[in-house]
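Given next are the chains, with one letter for each unit.
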There are 2 protein chains.
Amino acid sequence: MRAVLLAASLCSIAVSAAAQTPRPDPGPLTIARQGSFFIGGRDVKSDTLSTLPAYAASGTITVDQMYVRYQVPVGVLGVPITLIHGCCLTGKTWETTPDGRMGWDEYFVRHGHSTYVIDQVWRGRSAADPSAINAVRSGKAAVDQLPTVFSAGHEGAWAIFRFGKEYPQLMPGMRYPVAAQAEFWKQMVPDSLANLPTPNPTVPALSEPTDDMTPYAGLPILVLFGDYVDEFPRWAPRLANCRAFVAAANAAGGKAEVLVLPDIGIKGNTHMLMQDDNSLDIADILLDWIGKHVNAM
Amino acid sequence: MRAVLLAASLCSIAVSAAAQTPRPDPGPLTIARQGSFFIGGRDVKSDTLSTLPAYAASGTITVDQMYVRYQVPVGVLGVPITLIHGCCLTGKTWETTPDGRMGWDEYFVRHGHSTYVIDQVWRGRSAADPSAINAVRSGKAAVDQLPTVFSAGHEGAWAIFRFGKEYPQLMPGMRYPVAAQAEFWKQMVPDSLANLPTPNPTVPALSEPTDDMTPYAGLPILVLFGDYVDEFPRWAPRLANCRAFVAAANAAGGKAEVLVLPDIGIKGNTHMLMQDDNSLDIADILLDWIGKHVNAM
């Protein structure tokens, strides 16, 4: 069975017209089953798990596993969808929006797709390893051995998410629900990306990738971008990279495409388009694309 | 409306006979609505959010908020239930068990209770603050200012969870699914409890408690313990403390009780009784107790 991966990181992964389609109360949701599990993980022996007397410094912990929560709808199933959040966030990205609207995690289930939401390794419910911190705290390692864990501040994240060029300015016609920004900031967590081995264990937990383009032969891929991309030095090169990837995949027999929303007349979407005020219209475009391009078997 | 809080920390919060009742496929589940949100949170300005050039060192982040995921069943609703995990874990505690059985999070929804699962502050999807780590890493603070974040190793956690007195020995008749222990270890995350302000922000996020016993007047409280408590120096004093709390609450007009499972003939349960092989039988005892003692209005 083919599966669809929607990733919100380097290449964000389509919306209707200016105003979001009215969304009446969808009523109850019936699911066949739900649950959560981990993929991957390895045991690490450490002598610096703790500097507190109540917890042993030495022992074994398990890290690099990836948390996954899923729901499977009843009825005829479409292809399964995996939702992958980006920097400094967790699977919460895809759940209820900051202003209280339905997240894509539930919307896709309501449209017949089993949906899997992950927390990238070392973030959220996917455990990090505190050994390096405790090694320094206990004098067993030098300060420069501390992890490069970081948080993105509201001010810096503003441009990363393309809400505006500088905090708190807004891009013209921008569709993120900024009135609820305080709730959005609560979704952000420290990120240990720079500490992780290569490849980032999230990647093998999702697939077994190489530089070989052969697996892309015949594989439907949609790379979706919102608005304002060319106005942000962080994003313009990424769109260019994604266009190059799509060309390489298609040269290898792939069926890849890039969709930049303003090119089909949908303006105002940010990097966090799964939370923008037209988020479910964008989900509808994705569902339509999946229906036309991805075979269930 | 009264709500029921089930906490797995200092005082764990009832099981049938020796073997778990057979559990046929429960079939589809219909829910009225679901989603997630945060409670609490405060903005913190910091100059040490990052030591990486790609992310600004200075800015504002939001911490101390508590992540909550919920499902509301259809039909006549019982009292809502909040599930609170303990040390070194997240809300995953209450979801699918390590050996793949239904978690209490879904079981209570299937029995008519809206169910709320939290991640305690600074853990899982509830953001921590990396500022202290980066302050030391950048030379702005001394090493002793590093946080006392710790992980519980498998070996030390063994006795904490009462699987056995020493890793990897087993208590006689112990009911935790140890064949799936590798999946359990993946649930454990670093814990920042020792760094948190007093009161731990999880507490006001759940209620507004004081030492005043007046609010306990008329309040139904069940403190549930599993087996082997008196054989563990960590746990025997906690049971004694819980008995003292129950006596104080009842002296103030409360309706509190302690249930130690072996006292009603149910043996072999660990601290992680929501994952033991008779976990749903224990849930049934709780549902029966709630039905008899807690009014919905």
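Engineer: Is there a simple way to explain the overall build of chain A in this structure?
Structural biologist: The number of helices and strands found in chain A is seven helices and nine strands. Scaling as 2.2 N^0.38, a compact globule of 297 residues should have a C-alpha radius of gyration of about 19 Å, and chain A matches this with 20 Å. Viewed in the frame of its principal axes, chain A has a C-alpha envelope of about 60 × 45 × 45 Å. Burial statistics for chain A: of 297 residues in total, 56% are counted as buried. For chain A, the accessible area works out to roughly 11800 Å², and carbon and sulfur atoms hold 58% of it.

Engineer: How should I be thinking about helix 7 (residues 279–293) of chain A in this particular structure?
Structural biologist: Note: α-helices contain 3.6 residues per turn, so residues at a spacing of three or four share the same orientation. Taking 1.5 Å as the rise per residue, helix 7 of chain A with 15 residues should run 21 Å; its terminal C-alpha atoms sit 21 Å apart, in good agreement. S279(A), L280(A), D281(A), I282(A), A283(A), I285(A), L286(A), L287(A), W289(A) and I290(A) are the residues of helix 7 of chain A that are buried.

Engineer: Help me understand the packing of aromatic side chains in this model?
Structural biologist: A ring pair, where both rings are aromatic, is described by two values, the distance of the centres and the angle of the planes. Residues and elements named next belong to chain A. Under the counting rule described, the total for this entry stands at 32 aromatic pairs over all chains. Between W158 and F163, the aromatic rings sit 5.3 Å apart at their centres with planes inclined by 85°, giving edge-to-face as the arrangement. One aromatic cluster is present, formed by W158, F161, F163, Y167, Y176, F184 and W185 through successive ring pairs. Just above the ring of W235 sits the side chain of R238; from NZ or CZ to the centre is 5.1 Å.

Engineer: I'm lost on the side chain of T115(A) in this one. Help?
Structural biologist: Its place among the elements puts T115(A) in strand 7 (residues 115–119). A distance of 3.0 Å separates a polar side-chain atom of T115(A) from the backbone oxygen of H113(A).

Engineer: What am I meant to see in the environment of P22(A) here?
Structural biologist: Assignment of secondary structure puts P22(A) in the loop between strand 1 (4–7) and strand 2 (29–39). On a C-alpha basis, the gap between P22(A) and D281(A) in space is 9.7 Å, while along the polypeptide they are 259 residues apart.

Engineer: How do you make sense of the relation of the copies chain A and chain B when you look at a structure like this?
Structural biologist: Of the transformation superimposing chain A on chain B, the axial component is 0.0 Å and the angular component is 180°, with the fit at an RMSD of 0.0 Å. What the rotation and shift describe, once combined, is the action of a two-fold rotation axis. When the interface residues of chain A are mapped onto chain B, 100% of them are again interface residues, pointing to one common binding face.

Engineer: For this particular structure, what's the right way to read unusual backbone geometry?
Structural biologist: Most peptide bonds are trans, and most residues other than glycine sit at a negative phi. The peptide bond linking Y167(B) to P168(B) adopts the cis configuration, its omega dihedral lying at -5°. Position of P168(B) among the secondary structure elements: in the loop between helix 3 (154–160) and helix 4 (181–185). Of note, the amide linkage connecting T198(B) to P199(B) takes the cis form, showing an omega dihedral of -5°. Along the chain, the position of P199(B) falls in the loop between helix 4 and helix 5 (202–206). A positive phi angle is found at W122(A), which is not glycine, with a value near 70°. Take W122(A): it is sitting in the loop between strand 7 and helix 2 (131–137).

Engineer: How should I be thinking about the state of the cysteines in this particular structure?
Structural biologist: Here, the word disulfide means a covalent bond between the sulfur atoms of two cysteines. Residues and elements named next belong to chain A. Applying the stated criterion across every chain yields a total of two disulfides over all chains. Each disulfide pairs two cysteine sulfurs, and for C87 the partner residue is C88, the sulfurs being separated by 2.1 Å. Residue classification places C88 among the buried positions, given a relative accessible area of 1%.

Engineer: Explain the interface of chain A and chain B here, please?
Structural biologist: Reports of interface size often rely on the accessible area that becomes lost once the parts have come together. Taken together, the contact pairs 68 residues of chain A with 68 residues of chain B. A combined buried area of about 5600 Å² lies between chain A and chain B, and 54% of that area is made up of carbon and sulfur atoms. It is Y55(A), R125(A) and K186(A) in chain A that bury the most area against chain B; as a group they hold 14% of the surface buried on that side. Residue R125(A) is joined to E95(B) by a salt bridge in which the shortest nitrogen-to-oxygen separation is 2.9 Å.

Engineer: I keep staring at the pattern of salt bridges and nothing clicks. Help me out?
Structural biologist: Pairing of side chains with opposite charge becomes possible as their charged atoms draw close. All names here are of chain B. Scanning the entire structure with this criterion turns up 28 salt bridges over all chains. Linking R69 and E95 is a salt bridge whose minimum nitrogen-to-oxygen distance equals 3.2 Å. Taken together, the residues R69 in strand 5 (residues 66–73) and E95 in the loop between strand 6 (81–84) and helix 1 (104–110) connect sequence positions 26 residues apart. The exposure classification of R69 matches that of E95, with both residues buried. Measuring nitrogen to oxygen at the nearest pair gives 3.1 Å for the salt bridge that ties K292 to D288.

Conventions used here
Residues numbered from 1 in each chain as written. Chains lettered and ligands numbered in written order. Predicted model: local features only at pLDDT ≥ 70, side-chain atom pairs only at ≥ 80, totals over all residues. Heavy atoms only, no water. Helix = DSSP H or I, 4+ residues; strand = E, 2+ residues; numbered from the N terminus. Rg over C-alpha atoms; globule rule 2.2 N^0.38 Å. Buried < 20%, exposed > 50% of the residue type's maximum accessible area, 1.4 Å probe, protein only. Areas by Shrake-Rupley, 256 points an atom, 1.4 Å probe, with all protein chains shown as cover. Expected span 1.5 Å × (residues − 1). Phe/Tyr/Trp six-rings, centres within 6.5 Å; stacked < 30°, edge-to-face > 60°. Lys NZ or Arg CZ within 6 Å of the ring centre and 35° of its normal. Polar contact = N/O pair within 3.5 Å; in protein donor to acceptor, adjacent residues only side chain to side chain. Least-squares fit on C-alpha atoms with pLDDT ≥ 70 in both. Contact = heavy atoms within 4.5 Å. Disulfide = S-S within 2.5 Å. Buried area = accessible area lost by both parts, 1.4 Å probe. Salt bridge = Lys/Arg side-chain N within 4 Å of Asp/Glu carboxyl O.

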